[in-house]
Amino acid sequence: MTRNSVTATAKRLVLSITRMTIHNGPGIRTLILFKGCPLRCLWCSTPEAQKDEAEIALYPNRCIHCEQCVPVCPTNAIDLTGGTMSVNRAVCDNCGKCAQVCHTEAIKLLGQEMTIEELLTEVKKDAIVYKHSRGGVTISGGEPLLNPEFTQELLRAFKKENVGVGVDTCGHVPWTTIEKVLPYIDFFLWDIKHMNDEKHRKFTGVSNKFILSNARSVSERNVPLYIRVPVIPGYNDSEENIRAVCEFARDLSSLVNVDLLPLHHLGKARYNSLNLAYPIADIPLIPDDVLHNIKKMVESYQLNCSIVG
Ligand code: SF4
Ligand code: SF4
């Protein structure tokens, strides 16, 4: 399988590329978010990364009612009457023509198809930064390991340019996919949402079976693992669950750290922009002292632990 014959023109939908990040692995990193995720976590803070398709986001308070978007819409989905801007999503096909003419970014198209060469060009802009900070690129999403052939070629290209690679994964992908990319990865950020399978299914839509077994298999191959635990009050912050995570994590020989990611509500505006109900409005933030007690509990298992974010 050569890059030219198989993937030179292959593309994947990219939600965003953020340079100079410091919370996504060691050093200073470029963070690439891909669209498409097999999970539907109740507390997801990036709902715009869930679908593997482009979609429009709406910010009506930026609209100046210039009417540029109305004539370009092929489905007559845009309504500017009543003093506000809205889109009938039942007829909108997310073509993005309105976003192209909207100068105030009241409508934005989320998701841009990019080739491996285009992604490589973006990442290489900060090669000097990676070198001096021992950083690199972290691919995330959504789920970055969807589309195994594309991902394998992308990571191979990064490696060829001596760019360090981290993968932020939900872990719910076939082992054959992970095996393909292992040679090119410096570390994984590996999410564990719940140790109880029934609750995992209820809160994320899928079983935790692959997630846990894949993490064990990665560890057996000595690839560094950062276990990441979103801490969601009333859902997965019970002592029973945290201890179960610790017991699982201490058996991972390649574990570097347990990262605690406390719930935040920064994603609320994203739900609004997609006209989705915000499903976790009623969940309170976790108090600092409770979070620090969880950290101490993790450390009592002789595990390194950080609060991230
Ligand atoms: S994305 Fe296309 S179909 Fe949807 S509102 Fe904009 S122009 Fe109309
Ligand atoms: S182009 Fe943008 S600013 Fe102008 S009416 Fe449409 S949404 Fe509003």
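These numbers come from a predicted model, not from an experiment.

1. Overview of the sheet that holds strand β9 (residues 165-169)
- Strands sit in the order β7-β1-β2-β8-β9-β10-β11-β12-β13 across an open sheet of nine strands; the sheet is mixed. Looking at which strands have only one partner, the edges of the open sheet turn out to be β7 (112-115) and β13 (305-307). On average, each strand axis in the sheet is tilted by 30 degrees relative to the strand beside it, whichever way the strands run.
- Bridging between strand β1 (residues 11-21) and β7 involves four bridges; their strand directions are antiparallel. Residue pairing across strands places Val14 opposite Gln112, the latter belonging to β7.
- The sheet contacts of helix α4 (residues 116-124) involve β1, β2 (29-34), β7 and β8 (136-140), and relative to β7 the element is tilted by about 90 degrees.

2. Examining the site of ligand 2
- If you check the shell around ligand 2, you find Cys63, Ile64, His65, Cys66, Glu67, Gln68, Cys69, Leu80, Cys102, Thr104, Ala106 and Ile107 and nothing else.
- Partitioned by chemical class, the residues of the shell around ligand 2 number eight nonpolar, three polar and one charged.

3. Some remarks on the domain arrangement of the protein chain
- What the domain assignment lists for the protein chain is domain 1 (3-52 + 112-307) and domain 2 (55-110).
- The straight-line distance from the C-alpha centre of domain 1 to that of domain 2 is 32 Å.
- With seven residues of domain 1 at the contact, the number on the domain 2 side is seven residues.
- Each partner contributes to the roughly 650 Å² buried at the junction of domain 1 and domain 2, and carbon and sulfur atoms together form 51% of this total.
- Connecting domain 1 to domain 2 are one salt bridge.
- Across the pair Glu55 and Lys35 runs a salt bridge whose closest N-O atoms are separated by 2.6 Å.
- Viewed at the interface, domain 2 and domain 1 are joined by five residue pairs in polar contact (both at pLDDT 80 or more).

4. What about the site of ligand 1?
- Near ligand 1 there are 13 residues, and of these Cys73, Cys92, Cys95, Gly96 and Cys98 occur at the shortest range.
- Among the residues making up the shell around ligand 1, the classes are represented as nine nonpolar, three polar and one charged.

5. Observations concerning the pairing of strand β10 (residues 187-191)
- Among the five residues that make up β10, five are buried, leaving the element largely enclosed by the rest of the structure.
- The side-chain alternation of β10 yields two buried faces, one formed by Phe187, Leu189 and Asp191 and the other by Phe188 and Trp190.
- Across four bridges, the pairing between β9 and β10 is parallel. Each residue of the ladder has a partner; that of Val167, found in β10, is Phe188.
- As judged from the four bridges shared by β10 and strand β11 (residues 225-231), these two strands associate in the parallel manner.

6. Here we look at the packing of α4 against helix α6 (residues 148-160)
- Look at α4 against α6: their axes get within 10 Å of each other, and the N-to-C directions meet at 35 degrees. The hand of the α4/α6 crossing is right-handed. Side by side, α4 and α6 meet where Ile116, Leu119, Leu120 and Val123 of the first sit next to Phe150, Glu153, Leu154, Ala157 and Phe158 of the second.
- Looking at the contact of α4 with α6, its residues break down into eight nonpolar, no polar and one charged.

Cut-offs used in this document
- Residues numbered from 1 in each chain as written.
- Chains lettered and ligands numbered in written order.
- Predicted model: local features only at pLDDT ≥ 70, side-chain atom pairs only at ≥ 80, totals over all residues.
- Heavy atoms only, no water.
- Pairing = 2+ DSSP bridges.
- Helix = DSSP H or I, 4+ residues; strand = E, 2+ residues; numbered from the N terminus.
- Axes fitted to C-alpha atoms, helices over the stretch in contact; angles between N-to-C directions.
- Contact = heavy atoms within 4.5 Å.
- Near = heavy atom within 4 Å.
- Nonpolar A, V, L, I, M, F, W, Y, C, P; charged D, E, K, R; others polar.
- Domains from an automatic or database assignment.
- Buried area = accessible area lost by both parts, 1.4 Å probe.
- Salt bridge = Lys/Arg side-chain N within 4 Å of Asp/Glu carboxyl O.
- Polar contact = N/O pair within 3.5 Å; in protein donor to acceptor, adjacent residues only side chain to side chain.
- Buried < 20%, exposed > 50% of the residue type's maximum accessible area, 1.4 Å probe, protein only.
- Left-handed = near helix turned anticlockwise from the far one by under 90°.

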